[in-house]
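What the coordinates show
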Amino acid sequence: MSLPVLLLRTLLAFALLVMLACTGTRHDDAVLYRELGGQSGITAIVDGFLYELAEDTDVLPLFANTDIDRFREKFIEQLCDVSGGPCEYSGDNMRETHRDMQVTRAQFNSVVEDLIRAMERRDVPVGAQNRLLKRLAAMYGDIVYR
Ligand code: HEM
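A short tour of the structure in this document, coming up. (Residues numbered from 1 in each chain as written. Predicted model: local features only at pLDDT ≥ 70, side-chain atom pairs only at ≥ 80, totals over all residues. Heavy atoms only, no water.)

**Some points on the coordination of the iron atom of the ligand**
Note the cut-off: For Na, K and Ca the donor cut-off is 3.2 Å, and for all other metals it is 2.8 Å, counting N, O and S atoms only; because water is absent from this set, sites may look incomplete. Secondary structure counts use DSSP, requiring at least four H or I residues in a row for a helix and at least two E residues in a row for a strand, with both numbered from the N terminus.
You will see that the iron atom of the ligand has only one donor from the protein, H98 (NE2), lying 2.1 Å away. Mapped onto the elements of the fold, H98 is located in helix α4 (residues 94-98).

Following this line, the structure appears as structure tokens:
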């Protein structure tokens with residue numbers, strides 16, 4: 001095989017790999033957003049989460065001065081964004097928002113459990129729950145006090 005042909009084939013193979021990598025990521029992302037039920041599913045999950053939070057005495061006091069309508073709106077937007085939906089999170093930075101709250105690991109876990117209960121009630125498949133939780137777990141270092 002001549003050198004130009006070999007180079008062309010290598011280039012084409014590389015372009016194909018890049019295309020596959022891009023479509024693969026997008027596909028996975030869209031799947032998670034859909035598995036959560038799209039915009040209406042995520043809205044229902046967050047509303048269920050707020051009911052759970054209202055019963056959660058470990059963390060509720062921290063929300064005493066919070067504008068819950070804003071929190072609801074930003075949390076819906078964030079879940080849509082991290083699950084690959086057509087939203088861009090426009091809320092405050094996670095580290096800044098939680099910095100002065102001195103959130104403990106137990107409180108973080110408690111909030112995650114509230115979210116799991118809300119997803120269970122919506123019959124979100126366990127695989128999708130885990131994928132979402134993994135993406136939220138990436139924020140652990142910004143939220144928990146150390
Ligand atoms: C996966 C974990 C968490 C995520 C994804 C998350 C996400 C968010 C988001 C999106 C906001 C709204 C930011 C804005 O207003 O622009 C927020 C605010 C807030 N978060 Fe979290 N959070 C998490 C964990 C926690 C934990 C564990 C606590 C407390 C125990 C907590 C307490 C709060 C409070 C009190 C606010 C409202 C702050 C205010 O009033 O301005 N969060 N969080």
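After that view, the rundown keeps rolling.
**Concerning the packing of aromatic side chains**
Applicable threshold: A pair of Phe, Tyr and Trp rings is counted when the ring centres sit within 6.5 Å of each other, with Trp represented by its six-membered ring. The angle between the planes then sorts it: under 30 degrees is stacked, over 60 is edge-to-face, the rest tilted.
Counted under the stated rule, the structure contains five aromatic pairs. Centre to centre, the rings of F71 and F75 are 5.6 Å apart; their planes meet at 20°, and the pair counts as stacked. Here F75 and F71 lie together in helix α3 (residues 68-82), a separation of four residues that amounts to about one turn.

**Re unusual backbone geometry**
Quick note on the threshold: Exposure classes here rest on a 1.4 Å probe applied to the protein chains alone. A residue is buried below 20% of its type maximum, exposed above 50%, and partly exposed in between.
Even without a glycine there, the phi angle at Q102 is positive, about 50°. Looking at the secondary structure, you find Q102 in the loop between α4 and α5 (105-121). Exposure remark for Q102: the relative accessible area of 45% places this residue in the partly exposed category.

**Quick look at the environment of E120**
Selection rule: Residue contacts follow a heavy-atom distance rule, with two residues in contact if any of their heavy atoms lie within 4.5 Å.
With respect to the helices and strands, the residue E120 is situated in helix α5. Along the backbone, E120 and I45 are 75 residues apart, and their C-alpha atoms lie at a distance of 9.1 Å. Not counting the four nearest positions on each side in its chain, E120 is found in contact with V126 and Q129.

**So, the state of the cysteines**
Short version of the rule: Disulfides are defined as pairs of cysteine sulfur atoms found within 2.5 Å of each other.
A complete count under the given rule lists one disulfide for this structure. Bridging C80 to C87, the disulfide has an S-S length of 1.9 Å. Judged by the sign of its S-S torsion, about 80°, the bond between C80 and C87 is right-handed. With a relative accessible area of 0%, C80 lands in the buried category.

**Some points on the site of the ligand**
The condition is simple: A molecule or strand has a residue near it when one of that residue's heavy atoms lies within 4 Å. Polar contact is the term for a pair of N or O atoms within 3.5 Å; when the atoms are in protein, one must be able to donate a hydrogen and the other to accept it, and sequence-neighboring residues count only if both atoms are side-chain atoms. Any residue that is not Ala, Val, Leu, Ile, Met, Phe, Trp, Tyr, Cys, Pro, Asp, Glu, Lys or Arg is counted as polar, Gly included; the first ten are nonpolar and the last four charged.
The local shell around the ligand holds 23 residues, among which T66, R70, D92, H98 and M101 are the closest. A distance of 2.9 Å separates an oxygen atom of the ligand from a polar side-chain atom of T66. Side-chain polar atom of R70 to an oxygen atom of the ligand: 2.6 Å apart, as the coordinates give it. Those elements that place two or more of their residues in the shell around the ligand are α3, α4 and α5. Top element by residues in the shell around the ligand is α3. It accounts for five residues. Its residues assigned to classes, the shell around the ligand comprises 14 nonpolar, six polar and three charged.

**Examining the pattern of salt bridges**
Note the following rule: Each reported salt bridge corresponds to a side-chain nitrogen of Lys or Arg within 4 Å of a carboxyl oxygen of Asp or Glu.
If you walk through the whole model with that rule in mind, you get nine salt bridges. For R121, the salt bridge identified is with E52, shortest N-O distance 2.3 Å. In this pair, R121 is assigned in helix α5 and E52 in helix α2 (residues 38-55), connecting sequence segments 69 residues apart. Judged by relative accessible area, which is 53%, R121 ranks as exposed. The partner of E73 in a salt bridge is K74, and the shortest N-O contact between them spans 3.6 Å. Owing to a relative accessible area of 46%, E73 belongs among the partly exposed residues under this scheme. Given a relative accessible area of 14%, K74 falls into the buried group.

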